[in-house]
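Coordinate inspection notes
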Amino acid sequence: MNLFQILVSTLLILVVLLQVKGSGFGAALGGMSGGSVYRTKRGLERTLFQATIMLVIVFIFVSFLSVEWQ
């Protein structure tokens, strides 16, 4: 169970780093890039965003199961 949790957390870190790498450094720190206030996520950016949400849900679920099994 711990190995699966490590695998999920590693994937989560990679997906988050790929998201930050895709945007500018200023956008990663909260600044606006491109001057627009709202921008629609498309293509790979949207896929990474959805993968992040799913991996967070899986990580939380696995963490709760890990606590119950100990």
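First, a word on scope: everything that follows refers to the structure included in this document. Everything quoted here is computed from the prediction, not taken from an experiment.

Quick look at the overall build of the chain now. Assigned secondary structure in the chain consists of 3 helices and 0 strands. Sequence-ordered secondary structure for the chain, helices as α and strands as β, is α-α-α. Every one of the 70 residues in the chain was classed for burial, and the buried ones make up 14%. Summarising the internal contacts of the chain: among those between residues at least 6 apart in sequence, 88% fall at separations of at least 24. Accessible surface computed for the chain: about 5800 Å², of which carbon and sulfur atoms make up 71%.

With that out of the way, let us pick up the nonpolar core. Core analysis: the biggest nonpolar cluster contains 5 residues, these being Val8, Leu12, Val15, Leu48 and Leu55. Only helix 1 (2–22) and helix 3 (44–69) provide two or more residues apiece to this core. Ranked by the residues each element gives to this core, the list is headed by helix 1, at 3 residues. If sequence neighbours within four positions are ignored, Leu48 has contacts with Val15, Leu18 and Gln19.

How each quantity is defined
Residues numbered from 1 in each chain as written. Predicted model: local features only at pLDDT ≥ 70, side-chain atom pairs only at ≥ 80, totals over all residues. Heavy atoms only, no water. Helix = DSSP H or I, 4+ residues; strand = E, 2+ residues; numbered from the N terminus. Buried < 20%, exposed > 50% of the residue type's maximum accessible area, 1.4 Å probe, protein only. Contact = heavy atoms within 4.5 Å. Areas by Shrake-Rupley, 256 points an atom, 1.4 Å probe, with all protein chains shown as cover. Core = buried A, V, L, I, M, F, W, Y, C linked by side-chain atoms within 4.5 Å.

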